[in-house]
Amino acid sequence: MLNSDLGNDVRLRRLAKEIAALAEKDEKTLKRVREIGDLRRRAAREIHSVCAGFAQAVNRLLPRPEVQLDPPTYTDESFHEELQNLIQINVRGRILQVKFEATPELISTEDFRIPYTLAGAVRAFNQALLDKDLIEEQLLFYTVEKEKSMWRFFDARTYRSGGFDQDYLIGLMEQLL
């Protein structure tokens with residue numbers, strides 16, 4: 001065997017090893033992309049569930065249903081990975097609007113210190129606020145932590161942050177009435 005053939009053989013073996021490692025890395029990346037996609041769909045169903053629970057709880061206490069939820073149901077197919085997602089709670093013209101979308105990266109920390117995979121905003125408004133060109137808005141993040149992933153709101157004016165839950169929605173709606 002010539003020296004150049006021996007050198008090529010070593011290089012070919014090294015190249016084959018690098019290609020095999022690259023294939024393994026690609027498989028891990030694809031698996032992570034699928035996991036984050038599943039997490040995002042689950043998070044979208046979760047936030048809709050919180051909104052639906054709020055609407056149902058209030059409507060149970062009223063003589064006739066006044067709290068409208070749009071969309072009324074939410075499935076995996078309802079979530080749009082490439083577009084904004086919107087959930088709206090309407091009480092006689094008092095609106096709570098939840099919008100969120102996937103981050104460009106699988107996980108981001110650009111706008112919030114805790115890693116997140118979905119970001120958006122919660123807007124609260126009624127006609128009186130619209131007449132004054134005011135819309136209450138707080139940022140919204142689906143944070144991904146080791147112990148627990150969860151929806152969090154963040155008020156950029158006050159730096160207040162907390163979980164997106166029924167208590168949070170009650171507080172926002174109280175401000176609109």
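Residues numbered from 1 in each chain as written. Predicted model: local features only at pLDDT ≥ 70, side-chain atom pairs only at ≥ 80, totals over all residues. Heavy atoms only, no water.

## Side note on the pattern of salt bridges
One pass over the structure, following the stated rule, counts ten salt bridges. Between R32 and E35 there is a salt bridge, with its nearest N and O atoms 3.9 Å apart. Of this pair, R32 and E35 both sit in helix α1 (residues 3–60), three residues apart, roughly one helical turn. The closest approach of N and O atoms between E81 and R40, which form a salt bridge, is 2.3 Å. Taken together, the positions of E81 in the loop between β1 (67–70) and β2 (85–91) and R40 in helix α1 put the pair 41 residues apart, joining distant regions of the chain. Taking the relative accessible area as the measure of exposure, R40 reaches 4% and is therefore buried. Connected via shared salt-bridge partners are R64, E66 and R92. (Salt bridge = Lys/Arg side-chain N within 4 Å of Asp/Glu carboxyl O. Helix = DSSP H or I, 4+ residues; strand = E, 2+ residues; numbered from the N terminus. Buried < 20%, exposed > 50% of the residue type's maximum accessible area, 1.4 Å probe, protein only.)

## Here we look at the nonpolar core
Membership of the largest hydrophobic core comes to 33 residues, with the highest contact counts inside it found for I89, V98, F100, W151 and F164. Looking at this core, the elements that each hand over two or more residues are α1, β1, β2, β3 (94–102), β4 (116–125), β5 (136–143), β6 (150–155) and α3 (166–176). Non-local contacts of F164, meaning those with residues more than four positions away in its chain, are made with I47, V50, C51, V98, V122, L140, W151, R152 and L169. By size, the runner-up hydrophobic cluster in this structure holds six residues, among which are F112, I114, Y116 and A119. (Core = buried A, V, L, I, M, F, W, Y, C linked by side-chain atoms within 4.5 Å. Contact = heavy atoms within 4.5 Å.)

## Notes on the environment of E145
Within the secondary structure, E145 is located in the loop between β5 and β6. Separated by 29 residues in sequence, E145 and Y116 have C-alpha atoms that sit 8.3 Å apart. At a separation of 3.4 Å, a polar atom in the side chain of E145 contacts the side chain of T143. (Polar contact = N/O pair within 3.5 Å; in protein donor to acceptor, adjacent residues only side chain to side chain.)

## Re the sheet that holds β6
On the basis of which strands lie adjacent, the open sheet formed by seven strands has the order β1-β2-β3-β4-β5-β6-β7 and antiparallel pairing. Lying at the two open borders of the sheet, with one neighbouring strand each, are β1 and β7 (160–163). In this sheet, neighbouring strand axes are inclined to one another by 20 degrees on average, regardless of whether the strands run parallel or antiparallel. Examined bridge by bridge, β6 and β7 share four bridges and lie antiparallel to one another. Its bridge partner lying in β7, R152 is registered against G163. Sitting on the sheet, α3 is in contact with β2, β3, β4, β5, β6 and β7, with an inclination near 135 degrees to β3. (Pairing = 2+ DSSP bridges. Axes fitted to C-alpha atoms, helices over the stretch in contact; angles between N-to-C directions.)

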